[in-house]
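# Geometric and topological summary
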Amino acid sequence: MNITDIRNDFPILKDNPGYIYFDNAATSQRPVQVLDSVEKFYRTTNANPLRGLYEWSIGATDAYENARQKVVSFVNADSEEEIVFVRNATEALNLVAYSWGMDNLKEGDEILITVMEHHSDILPWQMVSRKTGAKLKFIEPENDGTITEENLKSCVNENTKLIGMAAVSNVLGVKNPVKLAAELVHANGGVMVVDGAQSAPHMKTDVKAIGADFFAFSGHKMLGPMGIGVLYGKRSLFEKMSPFLSGGEMIEYVKRDSATFAELPHKFEAGTVNASGAVGLAAAIDYLENIGFDEIEAQENRVTKIVYEGLKNIPYVHVYGNSDFSKHSGIVTFNIDGCHPHDIATVLDDEHIAVRAGHHCAQPLMEFMQERLDMEFRATARASMYFYNTEEEAERFVEAVKKVRGWLGF
Ligand SMILES: Cc1ncc(COP(=O)(O)O)c(C=O)c1O
């Protein structure tokens, strides 16, 4: 992998030399291959897919369905019936909550999630819990974010009918034991919902190997356009589920007072679909697979090591998560004594460095960290790296962090 060639593929990086983009967990940048694929779609075959019987519409349908095939192999699904295009991971998780959770859970059942879930993997389960009476329970990790086998097993009982878990935490970067969780919940006849928003961009996805019944991710965090995401679901489950949204395209026959629904996966794709987004996502998958996830992870590790160890060596900086940098999956979350994370981000912005600051859409985790780790604020700063970031950027970043306190008058 030649990092210079790679960076040249990304117009925003090429046109802004010196700007350090370390907010990749929020959204990634896009290479020219993705941008071109979207433009080509609109320039050459734009029409409403799945509706018209003429050449352009058929072309749009083909482009959309070919993109679906690409996702089938990307996640190792069995067929295109198991891949539903949605707007993002949030919508994917809501689809599972409304279409599976509401119809299959009841009082006496338990939904188990971790305290480090993104709000997108908490609020849908709160809603299901309120409406069905199923109890919502939380797994609390060790202080370094690890969920041990013992802890996980102790949280599961015969009533656990759904486990929701991020494969990788968007705050701590830790990889969670989704495979073990799947085995435990399957023993109860329940389902495993994996939030893959932070894993799909960085590591090989294999829904069968991890035993996921549902796997959700967003295209925009993995070089794809905004507004396209994926829900993988086992066909046997999807077949029995009611549609989430209804209207055009997801029907078979409609009478005045009833309707029958389209075959999978279209039963879950109401209205005009985001064909250009799917095409862009397919180009993003091609780009990632062309580099290879081994290379992607290796480069992220090189950069993360410098950031992690550099920050760890600053006495007034607190770095959260596992003490092994390789367990940070490109994410390093930290605080500086006496400095609010928003101030840290603002000062770094002056240095043309983009990081995220705040609660990272994970307020229950912030509360947990504040209590357990005695954090000054219920918020942190987060540097999140991707394979196009360099060792030089990491070194410059560490030097900039060293200066933050001085800028803030300490
Ligand atoms: C772990 C995790 N899950 C879900 C989401 C939601 O993603 P989106 O906003 O694309 O729906 C995010 C976004 O940051 C995330 O990090």
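Basis of the calculations
- Residues numbered from 1 in each chain as written.
- Predicted model: local features only at pLDDT ≥ 70, side-chain atom pairs only at ≥ 80, totals over all residues.
- Heavy atoms only, no water.
- Near = heavy atom within 4 Å.
- Polar contact = N/O pair within 3.5 Å; in protein donor to acceptor, adjacent residues only side chain to side chain.
- Areas by Shrake-Rupley, 256 points an atom, 1.4 Å probe, with all protein chains shown as cover.
- 1 Å grid on protein atoms, 1.4 Å probe; cavity = no way out; pocket = protein on both sides within 12 Å on 5 of 7 lines; lining within 4 Å.
- Sits in = over half its atoms within 2 Å of the grid points.
- Nonpolar A, V, L, I, M, F, W, Y, C, P; charged D, E, K, R; others polar.
- Salt bridge = Lys/Arg side-chain N within 4 Å of Asp/Glu carboxyl O.
- Helix = DSSP H or I, 4+ residues; strand = E, 2+ residues; numbered from the N terminus.
- Buried < 20%, exposed > 50% of the residue type's maximum accessible area, 1.4 Å probe, protein only.
- Domains from an automatic or database assignment.
- Contact = heavy atoms within 4.5 Å.
- Buried area = accessible area lost by both parts, 1.4 Å probe.

## Section: the site of the ligand
In the vicinity of the ligand lie 13 residues, with T90, D195, S218, H220 and K221 positioned nearest. For the ligand, an oxygen atom lies 3.4 Å from a polar atom in the side chain of H118. Side-chain polar atom of S218 to an oxygen atom of the ligand: 2.6 Å apart, as the coordinates give it. Bound to the protein, the ligand loses 89% of the 390 Å² it would expose on its own. When each cavity is represented as a set of grid points, the ligand is found to reside in the largest pocket. Counted by class, the shell around the ligand contains three nonpolar, eight polar and two charged residues.

## Some details on the pattern of salt bridges
Inspection of every chain in the model, using the stated rule, returns 22 salt bridges. Here R372 and E140 are joined by a salt bridge, their closest N and O atoms 3.6 Å apart. Of the two residues, R372 is situated in helix α14 (residues 363-373) and E140 in the loop between β4 (135-139) and α7 (149-155); the sequence distance between them amounts to 232 residues. The class of R372 is partly exposed, set by a relative accessible area of 38%. E140 gets classed as partly exposed once you look at its relative accessible area, which sits at 42%.

## Some thoughts on the domain arrangement of the protein
Interfaces are often sized by the accessible area lost when the parts come together. Per the domain assignment, the segments of the protein are domain 1 (34-289) and domain 2 (292-407). Distance between the C-alpha centres of domain 1 and domain 2: 29 Å. With 33 residues of domain 1 at the interface, the matching set in domain 2 holds 30 residues. Of the roughly 2500 Å² buried between domain 1 and domain 2, counting both surfaces, carbon and sulfur atoms make up 59%. In this assembly, domain 1 and domain 2 are joined by two salt bridges. At the junction of domain 1 and domain 2, the tally comes to 15 residue pairs in polar contact (both at pLDDT 80 or more). If one sorts the elements of the side of domain 1 that touches domain 2 by residue count, helix α11 (residues 275-291) sits on top with three residues. Tallied by class, residues from the side of domain 1 that touches domain 2 come to 16 nonpolar, nine polar and eight charged.

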